[in-house]
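Here is how the chains run, residue by residue.
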Amino acid sequence: FGTYTPEKGEGGRVRHRLTFWINGERYRISSEPTAHGRRRPFKSKEAACGALEEIRAELRGGNTPMQAISPFLDKSAPENQIGTWINRWLEVKRDQVASGERSPTYLRELERYAEPQGHFAYMRAFAIWEVSYGVLEDWSGHLQKKARLGAKTRRNVLGAFRSFMG
């Protein structure tokens, strides 16, 4: 899974790149995340191949291909946005309703939260791994002040989001 490709860039510099094909889509990775949330270009073939092995280890550990490459994609990539994952999660919930595992009422409530102007709208622009205690506290404050939600409704919305996060 995945290939390493050196590419000649400006001034003859070599750019180290990994390429992945997932469900007919090509993903190209030429940098890795740092501890401070920034991106650092692969400086060598060894660094790129090390990242490739890390991704392959994630696959062997049971992660999906998208889960394995997500940390290496830019945080603004649609594959990393909470909104993308919420839509996938709702598909799972719809399947659960169809099989009788979940209530249609519960699904309607989740879909209402997930609407473009719904309660989850605040979180949609965040990358999936950016969710922290501080972000959740800020969101709770937003729900209280801007959306004017009471404590019980906020608890229900945050509980539904917790279910989404697993």
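Structure: above.
Residues numbered from 1 in each chain as written. Predicted model: local features only at pLDDT ≥ 70, side-chain atom pairs only at ≥ 80, totals over all residues. Heavy atoms only, no water.

Asker: Got a minute to help me understand the layout of surface pockets in this structure?
Answerer: Taken as a whole, the largest pocket holds about 280 Å³ of empty space. Looking at the largest pocket, it is lined by 13 residues, and the ones nearest its centre are Gly-9, Arg-13, Val-14, Arg-15 and His-16. The element contributing the most residues to the lining of the largest pocket is strand β2 (residues 14-22), with four residues. In terms of lining, the second largest pocket is formed by Gln-67, Trp-85, Arg-88, Trp-89, Val-92, Ile-128, Trp-129, Phe-164 and Met-165. Sorting the residues of the lining of the second largest pocket by element identifies α3 (82-98) and α6 (151-165) as the ones contributing at least two each. Looking at the lining of the second largest pocket, the element that brings in the most residues is α3, giving four residues. (1 Å grid on protein atoms, 1.4 Å probe; cavity = no way out; pocket = protein on both sides within 12 Å on 5 of 7 lines; lining within 4 Å. Points joined across faces, edges and corners; volume = space filled by probe spheres on them. Helix = DSSP H or I, 4+ residues; strand = E, 2+ residues; numbered from the N terminus.)

Asker: Where do I start with the pattern of salt bridges in this structure?
Answerer: When the charged atoms of two side chains lie near each other, side chains of opposite charge can form a pair. Taken as a whole and judged by the stated rule, the model has seven salt bridges. Taking the shortest distance from any N to any O, the salt bridge between Arg-94 and Glu-91 comes out at 2.7 Å. With a gap of three residues between them, Arg-94 and Glu-91 both fall in helix α3, about one helical turn apart. A relative accessible area of 43% places Glu-91 in the partly exposed class. Residues joined in a network through salt bridges with shared partners are Glu-7, Arg-17 and Arg-28. (Salt bridge = Lys/Arg side-chain N within 4 Å of Asp/Glu carboxyl O. Buried < 20%, exposed > 50% of the residue type's maximum accessible area, 1.4 Å probe, protein only.)

Asker: Looking at this model, I keep getting lost on the packing of helix α4 (residues 104-114) against α6. Mind explaining?
Answerer: Two elements in contact, α4 and α6, have axes whose closest approach is 11 Å; the angle formed by their N-to-C orientations is 95 degrees. Considering the angle they form, α4 stands roughly perpendicular to α6. Here Tyr-106, Leu-110 and Tyr-113 of α4 come into contact with α6, specifically with Asn-156, Val-157, Ala-160 and Ser-163. Considered class by class, the residues forming the contact of α4 with α6 number five nonpolar, two polar and no charged. (Axes fitted to C-alpha atoms, helices over the stretch in contact; angles between N-to-C directions. Parallel < 35°, antiparallel > 145°, perpendicular 65-115°, else oblique. Contact = heavy atoms within 4.5 Å. Nonpolar A, V, L, I, M, F, W, Y, C, P; charged D, E, K, R; others polar.)

Asker: Just to check I follow, could you spell out the sheet that holds β2 for this structure?
Answerer: Strands in a sheet are paired, the pairing made by backbone hydrogen bonds, and the direction either parallel or antiparallel. Read across the open sheet, the three strands follow the order β1-β2-β3; overall the sheet is antiparallel. What marks the edges here is a single partner per strand, and that holds for β1 (3-8) and β3 (25-29). On average, each strand axis in the sheet is inclined to that of its neighbour by 35 degrees, with strand direction left out of account. Across five bridges, β2 lies against β3 in antiparallel orientation. Within β3, the residue paired with Phe-20 across the bridge is Tyr-27. Packing of helix α1 (residues 45-60) onto the sheet brings it into contact with β1, β2 and β3, and relative to β2 it is tilted by some 20 degrees. (Pairing = 2+ DSSP bridges.)

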